[in-house]
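In case you want the letters, here they are:
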Number of protein chains: 4
Amino acid sequence: MELTVDRVGLAFEALASGDRGKMLEYWDENVRFEIPGNHGHAGWYEGLDEFLGFLATVGEYSAGTYRAENVTVLVNPDSGYSVDINKNWAVRAGADHDSTSPYDKLDVDALHVLRWRDGKIVEGRGVLMGDGGTTSALWWSPIRADGTRAH
Amino acid sequence: MELTVDRVGLAFEALASGDRGKMLEYWDENVRFEIPGNHGHAGWYEGLDEFLGFLATVGEYSAGTYRAENVTVLVNPDSGYSVDINKNWAVRAGADHDSTSPYDKLDVDALHVLRWRDGKIVEGRGVLMGDGGTTSALWWSPIRADGTRAH
Amino acid sequence: MELTVDRVGLAFEALASGDRGKMLEYWDENVRFEIPGNHGHAGWYEGLDEFLGFLATVGEYSAGTYRAENVTVLVNPDSGYSVDINKNWAVRAGADHDSTSPYDKLDVDALHVLRWRDGKIVEGRGVLMGDGGTTSALWWSPIRADGTRAH
Amino acid sequence: MELTVDRVGLAFEALASGDRGKMLEYWDENVRFEIPGNHGHAGWYEGLDEFLGFLATVGEYSAGTYRAENVTVLVNPDSGYSVDINKNWAVRAGADHDSTSPYDKLDVDALHVLRWRDGKIVEGRGVLMGDGGTTSALWWSPIRADGTRAH
């Protein structure tokens, strides 16, 4: 199974499908995935189930507003790496959709570094560009702009 | 009940005593208390019970190693404010006690700003000096120095 | 020279006066002063002249918009400490005054911890409350909200 | 001039060569390059000369200890993007080489996202993985672990 730009796209489609059998065609059951930074949801998730648990948290925190737009996908079939670059937006659950506060609004350029083996992703790292590490820490934090705890 | 340096000390003794009746002589039942920063445990805790819940988390994360040494206490009885300045140390539960990593070892100068009314604390803010906001975020984070999740 | 709430206020008036002789009535020539965080202007300034150099930088970065409002002052004459608590606002030079971006707009609760000896301040530490360490790092950074460098 | 893994490697060799004519075979004179985060050296450098100025600062801050080891290179000739993933180490000038403090020692996984046009790099973004945004901010800061200013 050659590592191609198309196959990277299909892996993320499978992840979004909710169909575990389809996911396992692209994602190793023991895949490790790193969420960047040091906020409460950062660090390495071990195994597909932990990673899916994190994605459920994203859905909950963003109340379904999370949106990503792909910029480009790169692959190196020899080393078994892919990188997909994306723009990402979300509004924190409960926040005003017009808010400009980084505690409410996520607006980051980000990418995934994926390592493939035998046609499946065995390791992934989410990575934030620019000053996205700081601004996304505000979005992920339990606090609102006034310091009160939302979670 | 005059606001004195001694009374500030007694308020923290009461908090540490585990005796709720004694606590309520110094801490208002509806006290709000802010933990600084944007890590997973930051923000305003509403009411004595939420605040005690946070202190229990400190005990759990530090496996009982948290230690504080008072430097000085200041009061302004007219405005109803006190400030107590302290040095604080802790080792993260499960970490090597000789570790020098800021993900494992907490070593910060900090202070509490307390607002008193009718002899009781109605609002408190924990505050970190120097670069303690950054280093304590590492300590409070779910990750170890290698990025694996401890919590 | 007793350490009183009034004397703390006079020390800051002297600092703002631009009159070095008046400053030296309250500030030791070898005073050390710490700006919190790890941004490009953070850390200990050694001596009154270095500290005045920092204050000039504040004036330049804020194009004179820096404004502070005192909340309260506390003293402990026995230990020789004072704490003054303030609200602070500024707009970054060149930024739109209506901007809500933390890269442009500073809005923090802060305090100074001052150590006095023989009637003069020998050591001071600026301290930021809440999540002010993060938001002020954005304000102090060389970058604007779009990542372009302003300095 | 096709965008290949080899050509990416040659672009960085040219940059390290000090030979401006060679650099201009791979780097557009008006290249923009982003250093991530919000520390004093972060943000977009405009033009090859500004970028070379930043690289000189890296050399000065690290006293020549900066070392990088390539992990892999990925290209997408259709979209004109390349990504090179690297491990990076450095010791801050003046620091003890055995220091384990993140204020002294840089140890980060990082990558460059490069956009190519007509065989030359027109835009580049340095990107830090894991919690490298936080730890590298300490390294880049003007302060040492004790808060004194090194720069």
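Our structure is the block above this text.
Conventions and cut-offs
- Residues numbered from 1 in each chain as written.
- Chains lettered and ligands numbered in written order.
- Predicted model: local features only at pLDDT ≥ 70, side-chain atom pairs only at ≥ 80, totals over all residues.
- Heavy atoms only, no water.
- Helix = DSSP H or I, 4+ residues; strand = E, 2+ residues; numbered from the N terminus.
- Expected span 1.5 Å × (residues − 1).
- Buried < 20%, exposed > 50% of the residue type's maximum accessible area, 1.4 Å probe, protein only.
- Arc of directions from axis to C-beta.
- Contact = heavy atoms within 4.5 Å.
- Buried area = accessible area lost by both parts, 1.4 Å probe.
- Salt bridge = Lys/Arg side-chain N within 4 Å of Asp/Glu carboxyl O.
- Polar contact = N/O pair within 3.5 Å; in protein donor to acceptor, adjacent residues only side chain to side chain.
- Nonpolar A, V, L, I, M, F, W, Y, C, P; charged D, E, K, R; others polar.

Colleague: Can you help me understand helix α1 (residues 5–17) of chain C in this one?
Modeller: Residues and elements named next belong to chain C. Helix length check: α1, at 13 residues, gives a terminal C-alpha distance of 19 Å against a target of 18 Å (1.5 Å per residue), a fit within 8%. Looking at α1, one finds that the buried residues are R7, V8, A11, A14 and L15. Down the axis of α1, the buried side of the element spans an arc of 120 degrees, and every buried residue falls inside it. Along α1, exposed side chains directed more than 90 degrees from the buried face belong to D6, E13 and A16. One or two residues past the end of α1 sits G18, with phi positive at roughly 80 degrees.

Colleague: Honestly, the interface of chain B and chain C in this entry has me stumped. Any pointers?
Modeller: With 26 residues of chain B in contact, the opposing surface of chain C contributes 26 residues. Buried area between chain B and chain C, summed over both chains or domains, comes out near 1900 Å², and the portion from carbon and sulfur atoms is 60%. When residues of chain B are sorted by the area they lose upon contact with chain C, B:L74, B:M129 and B:G130 head the list and together hold 25% of the total. The tally of links between chain B and chain C comes to 2 salt bridges. When the shortest N-O distance is used, the salt bridge between C:D109 and B:R125 registers 2.9 Å. Applying the counting criterion to the chain B and chain C interface returns 14 residue pairs in polar contact (both at pLDDT 80 or more).

Colleague: Sorry, what's going on with the interface of chain A and chain D here?
Modeller: Much of the literature gives interface size as the accessible area that the parts lose upon coming together. The partner chain D presents 26 residues to the 26 residues of chain A that form the contact. Interface area, chain A with chain D, both sides summed: about 1900 Å², of which 60% is carbon and sulfur. Put simply, chain A and chain D have 2 salt bridges between them. The interface formed by chain A and chain D holds 13 residue pairs in polar contact (both at pLDDT 80 or more) in total. Looking at the side of chain A that touches chain D, the elements that each hand over two or more residues are β3 (67–76), β4 (81–91), β5 (105–117) and β6 (120–128) of chain A. Partitioning the side of chain A that touches chain D into residue classes produces 14 nonpolar, 8 polar and 4 charged.

In short, the description is geometric, and any link to function would need to be established separately.
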